[in-house]
Structures are given as structure tokens and as C-alpha cells.
Amino acid sequence: MASSTSIISLLLFVSFLLFFTSRAENAPNVSELDEELAFLAAEESKEQSHVGSHHDHHQYQDFENYEDIEQGGEYHHGEHEGVGGYEEEEEPPLPTVDEKDVAVLTKNNFTEFVRNNSFAMVEFYAPWCGACQALAPEYAAAATELKGVAALAKIDATEEADLALEYEIQGYPTVFLFVDGEMRKTYEGERTKDEIVTWLKRKASPSIHNITTVEEAERVLSDEPKVVLAFLDSLVGSESEELAAASRLEDDLSFYQTTSPDIAKLFEIETGVKRPALVLLKKEEEKLSHFDGNFTKAAISEFVSANKVPLVINFTREGAALIFENSVKTQLILFATTNESEKHIPTLREVAKSFKGKFVFVYVQMDNEDYGEAVSGFFGVTGTAPKVLVYTGNEDMRKFILDGELTVNNIKTLAEDFLADKLKPFYKSDPVPENNDGDVKIIVGNNFDEIVLDASKDVLLEIYAPWCGYCQSIEPIYNKLGKYLKGVDSLVVAKMDGTTNEHPRADGFPTILFFPGGNKSFDPITVDVDRTVVELYKFLKKHASIPFKLAKPATPEPVITTKKVDEKSEGDNAKDEL
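This is a predicted model, so every value here is computed, not measured. (Residues numbered from 1 in each chain as written. Predicted model: local features only at pLDDT ≥ 70, side-chain atom pairs only at ≥ 80, totals over all residues. Heavy atoms only, no water.)

## Details of the overall build of the chain
- The secondary structure content of the chain amounts to 18 helices and 20 strands.
- Burial statistics for the chain: of 578 residues in total, 43% are counted as buried.
- For the chain, the proportion of contacts with a sequence separation of at least 24, taken over those separated by at least 6, is 73%.
- Working note: accessible area of the chain is about 31600 Å², and carbon and sulfur atoms make up 50% of it. (Helix = DSSP H or I, 4+ residues; strand = E, 2+ residues; numbered from the N terminus. Buried < 20%, exposed > 50% of the residue type's maximum accessible area, 1.4 Å probe, protein only. Contact = heavy atoms within 4.5 Å. Areas by Shrake-Rupley, 256 points an atom, 1.4 Å probe, with all protein chains shown as cover.)

Structure (C-alpha cells):
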């Protein structure tokens, strides 16, 4: 028995010994790593240039909406101040602000607050943000004046990261209006107490109006571009309350109610119709829309949201709000030049009638220099031939292009196939480089899978934008890293222009991602270290799935000569004689 126990103990000891020996063999040699880092540090110091740390890149943001392309891709909502975006100076102490009427929200009380207040204004801020500090006294004063009308609150977005991510906060301050618990509007007005108070009082004013005379009805129809009218049995009661609740969710058109058959007839409601009845009228090609759902807040709001906008929205600065603030996020977009638009817009309108509430239908004038060319470029639409595509919106930004003639049937089929999840997305791509043997590999949409997702390679990928100043500042460092690692067969240093190339595994810029070798179905690792050759190299040594060594250039051997100092060769004499 003792002998058996000894054998088992010996086997266990050998197993542990082999395990730790294996781990040691695979771990980087500490002295070797120190030697490599010392070499890189010495090389870097030869061409030392001042480059900001990786934190600076947070001053740049991906496009929130494709209208922002005109602004070069930098986010301009609010005064977004990055950590590295200013010189540190000793600031004077901030004045004390009485914020007794501004609620402080966290993830624990946020939902309860917006649900319990019919009108709630919520500011996402950062403590270091100068614009937020300037807003604070105005916001606090507005909160006090609006007591009983609307509730104001604030959230430290740097502490409540989950809420900031949920509401896609990209700049500070960002201020939202919540109505009955739902986020309805972004406040874009002046950051003064008076402007905030005026704006919120207008939003919270009585939301439905009674029409009791034919004269009132005629005035409304003459003066207002779009209206909602409900034909009810009574101007008070549950049906009127449902209408009022729906109207609070739609602040860009007026809601009316009446009990008069004569007034209802002026709004094109038949006299003998069953009540409650509701219509939406607008001064556009599609003038009248009849509601045929259950008379509830949710159903009325959904009907109004789907029918209040034009069948096809022209993409302009004014039209952008109708597109991006719509509760329907999926867009079906026609790209056409001015000359081609008259032929294809009626076709798109006809399709739009069948897909209300499913898509926002948009026309982009490709040859418009102010916005059409930039938007076309954003979607990778080139040339002058008209095109139609489906765009899923900013959540995942997928695109599905119609391959065929622009007919009603073909566009309807595209829309139906999208809704049935039968389509393959399109990703824009620069041409694949003919020669790609540089120190830093060039990645485009069409060679991404071949190079970046190659399971036999560890791949470091920078996604950049040509206009991005931060990207330009780190380019020399990234190129030097590529030069040092060129001889490592298992490792690829690469870059991709994120403005002209897309891939579902690489989103947003500027950023650096690491794709370890092996199974590449997992999300890449975001490289969150200082942008220096040494720090990037240390990151790679730590995360590489395939161990590697730095291929340092060979040191030339010294030339040994026996010639005396005062001896001169024949060539030397000849040079002296010249």
C-alpha cells in the first residue's frame, strides 16, 4: 500500500513539474523582453517627437448621423471637451450653485424619475466640462421656476457609464426631454434659464384643443400645415384622455377634438361614422390619413408618427430632423441626380404607401454640393446612376443595395426581403491594393477577411480617418512599429481608412484593435495603452497568441586596420593633390 502511495505521489509531482515547465517555456523571457524594450526605447529616443497620449483620441467621434459628414466627422453636439483637449491652467474656483430643485440621478433611480414625471428634462454632464459648468446656474434657476410644470435632473455620465452608453452620449452637455417615461426630444436651444423655461412650458402646454364652431374649424384648416382631429361622443372622459396622452408624445403638430358632425365633415370624416374616429390631414400630396386602430395612446401615437411625415423626405438640413428623430429607424433611400429625380420619386412614393411605420423613405440629391455628395460618399454610392438601398440606422449601420431596375415591384421586393431577413449587407471598400508588401499592411473592406481574420496570424489594426489630426500625429509611431515587426511572420501590423471602408468586425475610428490568432469569432481587443512604440510592443508581447522575438538589425563588425596614422594610400595622395 505504501509503495502504491509513493508511486501516485511521484506521478503527481512529475505532472506538476511538467505543467509548470510548459508554462515557463511559453512565457516571455523577462530578461529577453527587457532587452527588446531597451532597444526600442533607444531607437525611439533618436527621433523623439511630442505625441499626445492615447486619451486624446476621445476628442474625435464617429458620425452620429450621416448629416455630420459635412463637419468632417468631429462631433459638434454641445462643447465636447476631451481630457487632452486643453492646456492645464489653474482655474478660478467655481461659484456655488443652488441646485436644490435639480434631481441627481443614477441607474438606481433614473427609470422611476422619468416615469413619475410627465415632463422630465435630463442633463448628461461631465464634472470637468466647462460648458456643463456654465449651464449649471441657468439649469438650476430654470428647475426652480418650472416646479409643478416639469422636473429637471442631471446625471454624471462619467460615473453612470451604462446609462450614457444606452442613450449614446457623445458630447457634454447633452439634454433630453422625457415625456411619460419616453425620451422624445434633444434640447438644442440656448443654454439660458429663460430659453429653457420657454421651451419646456411650450412642450407642457395643453396638448389638445376643442373645436366647437365651423369658423374655428375653417381657420385651423387654413392656417395649419398638419393637424389631427378626433370625432368623439364627449370632450371629456377616457377617449379624450387617451388622445391627450398621445398628443404629449407628438409636439410638432396640433391635436383637436370635436363632437360636431358638421365640423367632422370639414375634416373629411363621414357623418355616420362610428365614434371615436380620427384623421390626420396635411398640406402635401398625401393629404388624408384615416386611423383604424384601437383608440389608445400607443396606437394613436404610432399612427401619427407613421403618417405625419411626407411619404418621401428630401434630405436637407431641415429634413434631417424628420429622418433622425423619427421613431422608425430603418430608412429606404433613393440616390438620384436632379434630372433623374422626377422619374424615380413618384415610384418611391408609391412603395412608401405600403410600408408606413416600417421604413422612413428618403431622397438624396446626389449632385447637391452642400450635402448630397457627402452623404453619397458616406454610403459608398459612386457615379451618377440612381440607386436604392435600405439602411438600418446608426445602431448597426448595415446597408442593403437593390441590384436591378428601380421599379415599384423591385423596390417592394427589396423592402419585403429585408423585413424577412433574406438580404446580405453591403460594405463599402477601396480597391484591393495591387502591392501590399509595406511595413504596415493596407486593409480595405474586400481584403479584411483574408488578412485580418487569418487564423494563423496575430493582427494589429489601426482604423483611422484622413482628416483626423490625432491619427496623423501617431502615424510615424505606427509606421516605426511596423518596420520593427516586419520580420515577424506570425504578426501583421495593418491599418484601414474607416471613412471609405467598412466591415462588421471593425466599427468606429480612430481606434486600434488587436485580433489574436486562432479562433477569430470573438470580439477583438481594444488597444488601450499609450501610443508609443514601447507600449504598443509590450501590449503585443502580452496578448500575442503566437510568441515572437524582435528581429533587431545586425550590428556591423568594426573594421580593423594596421595602417599607421601618418600613412596615406595612393588615393589619399591623389585627393591631396587636388
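So, next bit.
## Describing the sheet that holds strand β20 (residues 525-526)
- Spatially, the five strands line up as an open sheet ordered β16-β18-β17-β19-β20, and their pairing is mixed. In the strand order of this sheet, the two ends are held by β16 (441-443) and β20, each with one partner.
- With two bridges joining them, strand β19 (residues 511-515) and β20 adopt antiparallel strand pairing. Along β20, the bridge assignment pairs F514 with I525.
- Sitting on the sheet, helix α16 (residues 469-484) is in contact with β17 (458-464), β18 (491-497) and β19, with an inclination near 160° to β17.
- Docked against the sheet, helix α17 (residues 533-543) engages β17, β18, β19 and β20, running at close to 25° with respect to β19. (Pairing = 2+ DSSP bridges. Axes fitted to C-alpha atoms, helices over the stretch in contact; angles between N-to-C directions.)

## Quick notes on helix α6 (residues 193-204)
- A rise of 1.5 Å per residue sets the reference length of α6, with its 12 residues, at 16 Å; its end C-alpha atoms lie 16 Å apart and thus fit the reference within 8%.
- Considered for burial, the residues of α6 that qualify are I196, V197, W199, L200 and K203. Buried positions in α6, seen along its axis, are confined to an arc of 170° and lie on one side of it. Residues of α6 that are exposed and point over 90 degrees away from its buried face: D194 and R202.
- Contacts from the buried residues of α6 go to β2 (119-125), α4 (130-145), β3 (151-156), β4 (174-179) and β5 (182-186). (Expected span 1.5 Å × (residues − 1). Arc of directions from axis to C-beta.)

## Observations regarding the pairing of β5
- Pairing of β4 with β5 involves four bridges; the strand directions are antiparallel. Counted as the bridge partner of F178 is M183 from β5.
- Hairpin remark: β4 followed by β5, antiparallel, with two residues in the connecting loop; positive phi at D180, about 50°.

## Some thoughts on the nonpolar core
- Counting 41 residues, the largest nonpolar core has L461, L485 and L540 as the members making the most contacts within it.
- Elements represented by at least two residues in this core include exactly α15 (448-451), β17, α16, β18, β19 and α17.
- Sort the elements by how many residues they give to this core and α16 lands first, with seven residues.
- If we ignore the near neighbours within four places in the chain, the residues touching L540 are L460, L481, L485, L491, F514 and F548. (Core = buried A, V, L, I, M, F, W, Y, C linked by side-chain atoms within 4.5 Å.)

## Some points on the packing of helix α8 (residues 238-247) against helix α10 (residues 297-307)
- Running from amino to carboxyl end, α8 crosses α10 at an angle of 45°, the nearest separation of the two axes being 8 Å. Classified by the interaxial angle, the pair formed by α8 and α10 is oblique. For the crossing formed where α8 meets α10, the hand is right-handed. Residue-level inspection shows E242, L243, A245 and A246 of α8 in contact with α10, the latter providing K297, I300 and S301. (Parallel < 35°, antiparallel > 145°, perpendicular 65-115°, else oblique. Left-handed = near helix turned anticlockwise from the far one by under 90°.)

## What to know about the pattern of salt bridges
- For the coordinates displayed, the defined rule picks out 19 salt bridges.
- Between K353 and E350 there is a salt bridge; the shortest N-O distance is 3.5 Å.
- Each member of the salt-bridge network shares a partner with another, and the members are D98, K100, D101 and K147. (Salt bridge = Lys/Arg side-chain N within 4 Å of Asp/Glu carboxyl O.)

## Focus: unusual backbone geometry
- Residues Y172 and P173 are joined by a peptide bond in cis, for which omega reads -10°.
- Phi is positive for E268, close to 65°, though the residue is something other than glycine.

## Structural notes on the packing of aromatic side chains
- All chains considered together, the criterion is met by 22 aromatic pairs.
- Ring centres 4.9 Å apart and planes at 90° place the aromatic pair F379 and Y391 in the edge-to-face group. Of the two residues, F379 is situated in the loop between α13 (372-378) and β14 (387-391) and Y391 in strand β14; the sequence distance between them amounts to 12 residues. Per residue, the accessibility class of F379 equals that of Y391, and both read buried.
- Taken together, a centroid distance of 5.8 Å and an interplanar angle of 90° make the contact between Y537 and F548 edge-to-face. Within this pair, whereas Y537 is found in helix α17, its partner F548 is found in the loop between α17 and α18 (570-577), the two being separated by 11 residues in sequence. Just as Y537 is buried, F548 falls in that class too.
- Among the aromatic residues, those joined into a ring-pair cluster are F110, F124, Y167, F176 and F178.
- Across the ring face of Y464, the terminal group of K495 is positioned such that the distance to the ring centre comes to 5.7 Å.
- Lying over the aromatic face of F548, K541 brings its terminal NZ or CZ to 4.8 Å of the ring centre. (Phe/Tyr/Trp six-rings, centres within 6.5 Å; stacked < 30°, edge-to-face > 60°. Lys NZ or Arg CZ within 6 Å of the ring centre and 35° of its normal.)

## Considerations on the sheet that holds β2
- Taking strand neighbours across the sheet as the criterion, the five strands line up as β1-β3-β2-β4-β5 in an open arrangement whose pairing is mixed. Since the sheet does not close on itself, it has two edges, and those belong to β1 (102-104) and β5, each with one partner. Averaged over all pairs of adjacent strands, the angle between strand axes in this sheet comes to 30°, irrespective of strand direction.
- Sitting on the sheet, α4 touches β1, β2, β3 and β4, and the angle it makes with β2 is about 165°.

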